[in-house]
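This is what each chain is made of:
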Amino acid sequence: MNLTSIAWTDRSLNYQAGCSHEGPECTFCYAEVMSARLARMPHAPSRYQDAVNGARRWSRELVFDAAAMDRGFEQLRAIRKPTKVFLGSMTDLFHERVEPSWLYGLAEHIRGLEASGAPVTLQLLTKRPERALHWQRQHFPAGLPALVWMGTTAGYQDGWTLRGKHLVQIQAAVRWVSCEPMLGPILPVPEHLQGIEWIVIGGESGPKARPFHVEAARDLASIAERYGVAVFVKQLGRRPEVHDADGTPRPLLLRHPKGEDPSEWPESLRYRQFPEAA
């Protein structure tokens, strides 16, 4: 378990490595880049060596480390102050190549964490919410424990429509959507916000970052606020853009290289909210 710079969580925990691209949000995947770096580090967990290929891309192999899972959840059970943990930040825990036994182990550890009373919130994020739905119905038919926040990624309108319909069927105290990277306008109709408690918005921060449209982010945050959905803007990324009256885009110049300083943002984007369940 590690500390993290991700603004909407406190720590990250990884025991599984590997993934594959599942939509345009994945084009410049930070986990893929970081896994390739870790694969070359002699003291990094060995699971990353099989997760990427010689071209430093996902190999489509998933590697599960049961001992790392056991150690990680043992650490979680020992926590004594409220802590949010991003579980599986370097993979997709519900990837189609994940073995049923891995998901069984996850469910058992979640039950143990709940029984321990540790004040931990597990933030799960997947691009395969239909598989998360199946897992929930199989292992937690009465609904996930309140400590589990279940999320999906949707960086564009169709992604929200396709993945959101599965997410809202999952029985969880908090269902959330990560619009990071937000690649264009996302204008959910009211029925698409029903059952969503939290939205995270952000732009890409890597060297090949695509534009982040400030007005589109503002519109999504405004719609969410209107319907009582908490909003957290993480960063504006490396290439925030605003549009002139004639529609011409121009860069929004910020000092922070990743656009992470809210004091530099337009006031209409200074959202750092968490859902009521927090």
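Here's what I pulled together on the structure shown here. Within every chain, residues take consecutive numbers counted from 1 along the sequence as written. With pLDDT at 70 or above as the cut-off, local features in this predicted model cover only qualifying residues; side-chain atom pairs require 80 or more to be listed or tallied, and sums for whole chains, interfaces and linings still use all residues. Values shown for side chains rest on all heavy atoms present in the structure; no hydrogens or waters enter the calculation.

**Examining the overall build of the protein chain**
Stated formally: Helix and strand assignments come from DSSP, with helices taken as H or I runs of at least 4 residues and strands as E runs of at least 2, each series counted from the N terminus. We compute the radius of gyration over the C-alpha atoms and compare it with the globule rule, which gives 2.2 Å times the number of residues raised to the power 0.38. The classification of residues rests on relative accessible area computed with a 1.4 Å probe and restricted to protein chains. Under 20% of the type maximum is buried, over 50% is exposed, and intermediate values are partly exposed. The contact rule is simple, with two residues in contact once any of their heavy atoms fall within 4.5 Å.
Regarding its fold elements, the protein chain presents 8 helices and 13 strands. For a compact globule of 278 residues, the expected C-alpha radius of gyration is about 19 Å, and the protein chain comes in at 18 Å, within 12% of that figure. Structurally, the protein chain occupies a C-alpha span of about 55 × 45 × 35 Å along its principal axes. Counting across all 278 residues of the protein chain, residues that qualify as buried make up 51%. For the protein chain, the share of sequence-separated contacts (at least 6 apart) that also reach a separation of at least 24 residues comes to 74%.

**A few points about the sheet that holds strand β13 (residues 249–251)**
Formally: If DSSP finds at least two bridges between two strands, the strands pair.
One open sheet holds the 3 strands; their spatial order is β10-β12-β13, and the pairing between them is mixed. Two strands close off the open sheet at either side, each with one partner strand: β10 (212–213) and β13. Where β10 meets strand β12 (residues 240–243), 2 bridges bridge the pair, whose relative direction is parallel. Its bridge partner being in β12, His213 is matched across the sheet by Glu241.

**Some points on the nonpolar core**
Among soluble globular proteins, nonpolar side chains are generally buried collectively. Condition: By nonpolar core we mean a set of buried residues, namely Ala, Val, Leu, Ile, Met, Phe, Trp, Tyr and Cys, connected to one another through side-chain atoms within 4.5 Å.
Membership of the largest hydrophobic core comes to 61 residues, with the highest contact counts inside it found for Phe73, Leu106, Leu122, Trp135, Met150, Ile199 and Ile201. Counting residues per element, this core draws most heavily on helix α8 (residues 214–226), which supplies 7 residues. Setting aside its immediate chain neighbours within four residues, Phe73 contacts Leu13, Tyr15, Leu87, Leu106, His109, Ile110, Leu113 and Leu122. Counting 13 residues, the second-largest nonpolar core is a separate cluster that includes Cys19, Ala36, Leu38 and Met90.

**Here we look at the packing of helix α5 (residues 129–139) against helix α6 (residues 157–167)**
Angle between the axes and distance between the axes are the two parameters that describe a pair of packed helices. Heads up, the condition is: Helix axes are fitted only over the stretch in contact, all axes being lines through C-alpha atoms; the angle between N-to-C directions runs from 0 to 180 degrees. Should an angle fall under 35 degrees it is called roughly parallel, over 145 degrees roughly antiparallel, and 65 to 115 degrees roughly perpendicular, with every other angle called oblique. Note on residue categories: nonpolar means Ala, Val, Leu, Ile, Met, Phe, Trp, Tyr, Cys or Pro, charged means Asp, Glu, Lys or Arg, and polar means any other residue, Gly included.
Following both chains from N to C, one finds α5 and α6 inclined at 5°, their axes separated by 8 Å at the closest point. Classified by the interaxial angle, the pair formed by α5 and α6 is roughly parallel. Of the residues in α6, those touching α5 at Pro129, Glu130 and Leu133 are Arg163, His166 and Leu167. Grouping the amino acids of the contact of α5 with α6 by side-chain chemistry returns 3 nonpolar, 1 polar and 2 charged.

**Side note on the packing of aromatic side chains**
Put simply, the rule reads: Centres within 6.5 Å are what make two rings of Phe, Tyr or Trp a pair, Trp counting through its six-membered ring; a difference in plane orientation under 30 degrees is then read as stacked, over 60 as edge-to-face, and the rest as tilted. Charge over a ring is defined by NZ of Lys or CZ of Arg lying within 6 Å of the ring centre and within 35 degrees of the ring normal.
For the structure shown, the criterion picks out 12 aromatic pairs. Aromatic side chains Trp135 and Phe140 sit 5.6 Å apart centroid to centroid with 70° between the ring planes, which places their arrangement in the edge-to-face category. Across this residue pair, the class does not change: Trp135 and Phe140 are buried. Ring plane angle 75° and centroid distance 5.4 Å describe the contact between Trp149 and Trp198, whose orientation is recorded as edge-to-face. Remark: Trp198 occurs in strand β9 (residues 198–202) and Trp149 occurs in strand β7 (residues 148–153); sequence separation between them is 49 residues. A relative accessible area of 1% places Trp149 in the buried class. Looking at Trp198, the relative accessible area reads 0%, which means it is buried. Sitting above the plane of the Phe274 ring, Lys84 keeps its charged end 4.5 Å from the centroid. Directly above the ring of Phe140 sits Arg111, whose terminal nitrogen or CZ lies 4.5 Å from the centroid.

**Some words on the side chain of Thr152**
Note on placement: Thr152 falls in strand β7. Those residues in contact with Thr152 that sit more than four places away from it in its chain are Leu125, Thr126, Lys127, Pro129, Arg163, Leu167, Trp176, Val177 and Ser178.

**Looking at the pairing of β7**
Definition in use: Look down the strands so they point away from you; if the path from the first strand over the helix to the second goes clockwise, the crossover is right-handed.
Taking burial as the measure, the 6 residues of β7 include 6 buried ones, the bulk of the element. Judged by which residues are buried, β7 turns out to be covered on both faces: Val148, Met150 and Thr152 on one side and Trp149, Gly151 and Thr153 on the other are all buried. When strand β6 (residues 120–126) meets β7, the two strands line up parallel, connected through 5 bridges. Each bridged residue has a counterpart across the sheet, and for Thr126 the counterpart in β7 is Thr152. Tracing the backbone out of β6, into α5 and back to the parallel element β7 gives a crossover that is right-handed. For β7 and strand β8 (residues 174–179), the ladder comprises 5 bridges, and the chain directions are parallel.

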